[in-house]
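# Chain and residue survey
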Number of protein chains: 2
Amino acid sequence: MDFEKQLKQNIAEIETMLGRYVPKQTAFPPVIFEAMRYSLFAGGKRLRPMMVLEACKAVGGDAKLAEPFACALEMIHTYSLIHDDLPAMDDDDLRRGKPTNHKQFGEAMAILAGDGLLHQAMEVMANACYQNPCKQTTGAMLAVAKGAGLHGMLTGQVVDVYFEGKPLDEKTLEFIHLHKTAAMIKGALQAGACAGGADEETIVQFGVAGEKIGVAFQILDDILDVTQTTEALGKPAHSDEKNEKNTFVTMYGIEKSKEFAQKLTAEALEIWERMGEQGAFLKALTQYLLQRTY
Amino acid sequence: MDFEKQLKQNIAEIETMLGRYVPKQTAFPPVIFEAMRYSLFAGGKRLRPMMVLEACKAVGGDAKLAEPFACALEMIHTYSLIHDDLPAMDDDDLRRGKPTNHKQFGEAMAILAGDGLLHQAMEVMANACYQNPCKQTTGAMLAVAKGAGLHGMLTGQVVDVYFEGKPLDEKTLEFIHLHKTAAMIKGALQAGACAGGADEETIVQFGVAGEKIGVAFQILDDILDVTQTTEALGKPAHSDEKNEKNTFVTMYGIEKSKEFAQKLTAEALEIWERMGEQGAFLKALTQYLLQRTY
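Basis of the calculations
- Residues numbered from 1 in each chain as written.
- Chains lettered and ligands numbered in written order.
- Predicted model: local features only at pLDDT ≥ 70, side-chain atom pairs only at ≥ 80, totals over all residues.
- Heavy atoms only, no water.
- Core = buried A, V, L, I, M, F, W, Y, C linked by side-chain atoms within 4.5 Å.
- Buried < 20%, exposed > 50% of the residue type's maximum accessible area, 1.4 Å probe, protein only.
- Contact = heavy atoms within 4.5 Å.
- Least-squares fit on C-alpha atoms with pLDDT ≥ 70 in both.
- Helix = DSSP H or I, 4+ residues; strand = E, 2+ residues; numbered from the N terminus.
- Phe/Tyr/Trp six-rings, centres within 6.5 Å; stacked < 30°, edge-to-face > 60°.
- Lys NZ or Arg CZ within 6 Å of the ring centre and 35° of its normal.
- pLDDT = per-residue confidence, 0-100.
- Buried area = accessible area lost by both parts, 1.4 Å probe.
- Salt bridge = Lys/Arg side-chain N within 4 Å of Asp/Glu carboxyl O.
- Polar contact = N/O pair within 3.5 Å; in protein donor to acceptor, adjacent residues only side chain to side chain.

Counting residues in hydrophobic clusters, the biggest one holds 196 residues, and the most contacted among them are Ile32(A), Ile76(A), Ile32(B) and Ile76(B). Once residues within four sequence positions are removed from consideration, Ile76(B) is found in contact with His119(A), Met122(A), Leu118(B), Ala121(B), Val144(B), Ala148(B), Met153(B) and Met184(B).

Below is the structure:
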C-alpha cells in the first residue's frame, strides 16, 4: 500500500463528497453557503470523515453507505471550530492560515454558519436514514450524534471554557480530552463500523481505539502549540498560554506528555494489528497522525 | 371538548416529556444543563411540540412515537431564540419576562447552551430512529431537520439578519416569514403526521396548513410588537422599530396586515375542517393561536 498516495486520493474524494452535501448556492441567499463553505473547504486533514469511510471498509462494508455520515461528521467538526474561534470563546483571528470565519463574515454570520453546518449535518444524516431505514444507517447517525453532543465534544468544550484560568486536576484534564477531541474520533470509527454492518464487539473495539487515538492526538496538539511557530501551525502558536489553558504540557511537561501519547498510540495500533490486512489503512493512518513532528 | 382544559393538560405533559429528554444533570458539568433548562423551561406556549403530538393523533397514530420528535422540535425552537438574542444578533436583554440566556450565563455559555439544545435534539431523534428504524421515525426526523435547516428556519434568520436596515420588497418579506417561522410549524405538523403513519397526500396537506398558520402567526407577532407593551409581551415591545426591521406592519400598515392574517387563518381552518372530528383539536388550536388580542 502506498499510504501517502492513498491518503491524497481519499482527501480528494472527501472534498468532492462534501461539495455535494454543501453545494455552492446560486439561489437566494448565497451568503450563508459562502460562509459555511469558507470554513468547510479551508483545507483540513479530513481525518474524521476518512476514519468513518475507512472503518466501514475495514469491517467489509460498502463505503457508499457511510458517505453521508462521514460528511456530517466533518460538518460538525467544522462548525465546532467556527464557534470555538468566536470572540466570546477563544477569540482567535487565524485558523488554518486564514482569517477565522467571524473575521471574514462578521460575528452574526459566523454564528449562523456554525449553526448551519450542524443543521445540514442533521438533515444529511436524517435523509440517508429515511432513504434506507435500518440499524446500520440509524446506528451510524446515533454514533455521530453521541460523539458530538452532550456526552461528547460539546461537553468537552463546556468544561474547557468553564475551567479557563482555573486550577485543573489530572482527572478533569483527561475528561476534557476524552470529550473535546476523542469523542468525535470514537464517533467516527463507530459510525463507520456501524454503517459497514460490524458486530457489537467490533464496534466496541473501534470505540476504544478511537478514544486512545483521540487523547493521543490532543496531547500532541498541546505539545505542538508549545514547540511550533504560528507559521508552521497555520494558527496562532502559544494560544494555550495566552488563554491560560491547562494542558498535558503545562501539567506534566513535554517529555512525560510524549510518553503518554506514545503509550496510547501503541495501544491503538495493537487493535488495528489484530484485524490483519483489513486494519492496514487504519494502522497506517494512526501512525501518520500520531507520529507528527514535535 | 373543553379546549382550555385540554390545552393546559397538553402543556403539562410536554413539560414532563422535555424534562426527561433534558434532565437536571447532577453529574459533571452541571452548568450546561442549567443554561439549557433555563431557556427550555422559561414557560413557552409549547405550540410546536403540541402540533407534532396532535398531528400524530389526528391521523390516528400513537402519540408515544411522536414524543421524541415533539421534544426535539421544541429544543430547536429554544436554541434558535437563545442564538437570536445574542449581542451579535438581535442583542435582546429580555425573553419571556426573564433575562436572556447570555445575560444570565454569559455569552460563551449561551452559545454553547444553544448548540447543546441542537445537539440534544439530534441525539434524541437519532436514538428514536435507532430504536425503531422505519419510514415513520426517520421521516419524522427528516421533517424536523428540514423545517429547521438550510431550507427552513435557519435561512429565514440569515435573510432577516442580512436585510436588517436595508429596503425589503414584498417577496423577500414573505420569504423571511415562510422560512423563519412557518417552516418549523410546517415541520411540526408533517413530523407528527409522518410519525402517525399518514399517507403522502395528508402529509402534503398538513404542510400547507403549517405554512399558512406560520405566516399568519408571524404577521400577528409583528402587529403585537407595535400595539402591545413590553410588560404584556414579556419581551421588549417595539424591538422591530429599534432594530430597523421591516415587517408586514411597516410595509402594509396594521389594517391590511390583519386582513392577511385573517385570510390565511381561514384557509388553514378549512384544511382541519375537512378532517372532521379528527381535526377538531388542531382547529381549536389554530383559532386560539391566531385570534390573540391585537
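With an RMSD of 0.0 Å, chain A superimposes on chain B once it is rotated by 180° and translated 0.0 Å along the axis. The transformation relating the two chain copies, once decomposed into turn and shift, fits a two-fold axis. Among all residues of chain A, the one whose C-alpha sits closest to the rotation axis is Pro133(A), at a distance of 2.6 Å. When the interface residues of chain A are mapped onto chain B, 100% of them are again interface residues, pointing to one common binding face.

The subject of this paragraph is unusual backbone geometry. A positive phi angle, close to 50°, is found at Arg96(A), a residue other than glycine. Its place among the elements puts Arg96(A) in the loop between strand E1 (94–95) and strand E2 (98–99). Among the residues examined, Arg96(A) registers a relative accessible area of 29% and is labelled partly exposed. Although it is not a glycine, Arg46(B) adopts a positive phi angle of roughly 60°.

The subject of this paragraph is the packing of aromatic side chains. The tally for this structure, following the rule as stated, stands at 16 aromatic pairs over all chains. For the pair Tyr252(A) and Phe260(A), a centre-to-centre distance of 5.1 Å together with 70° between the ring planes defines the contact as edge-to-face. The class of Phe260(A) is partly exposed, set by a relative accessible area of 29%. Ring geometry for Tyr38(B) and Phe105(B): centres 5.3 Å apart, planes at 80°, overall edge-to-face. Remark: Phe105(B) occurs in helix H5 (residues 101–105) and Tyr38(B) occurs in helix H2 (residues 30–40); sequence separation between them is 67 residues. One aromatic cluster is present, formed by Phe3(A), Phe281(A) and Tyr288(A) through successive ring pairs. The ring of Tyr38(B) carries Lys98(B) above its face, with NZ or CZ at 3.9 Å from the centroid.

Before going further, it helps to examine the confidence of the model for chain A. Looking at chain A, the pLDDT average stands at 92 and 94% of residues meet or exceed 70. Across the predicted assembly, pTM comes out at 0.94 and ipTM at 0.94.

Quick look at the environment of Ala195(A) now. All names here are of chain A. Structurally, Ala 195 can be placed in helix H9 (residues 170–195). Judged by its relative accessible area of 2%, Ala 195 falls in the buried class. Expressed as a C-alpha distance, the spacing of Ala 195 and Thr 247, which sit 52 residues apart in the sequence, is 35 Å. Aside from chain neighbours lying at most four places away, what touches Ala 195 is Cys 56, Leu 65, Ala 66, Gln 136 and Ala 140.

Turning next to the interface of chain A and chain B. Facing 55 residues of chain A, the contacting portion of chain B comprises 55 residues. Here chain A packs against chain B, burying approximately 4,900 Å² in sum over the two surfaces, 81% of which is carbon and sulfur. Among the residues of chain A in contact with chain B, His119(A), Met122(A) and Leu150(A) are the three that bury the most area, contributing 15% of the side total. Our enumeration of links across chain A and chain B arrives at zero salt bridges. Applying the counting rule to chain A against chain B returns six residue pairs in polar contact (both at pLDDT 80 or more). Counting residues per element, the ones that place at least two in the side of chain A that touches chain B are helix H2 (30–40), helix H4 (63–85), helix H6 (107–131), helix H7 (135–148), helix H8 (153–162) and H9 of chain A. Take the side of chain A that touches chain B: its biggest share by element is 18 residues, from H6(A).

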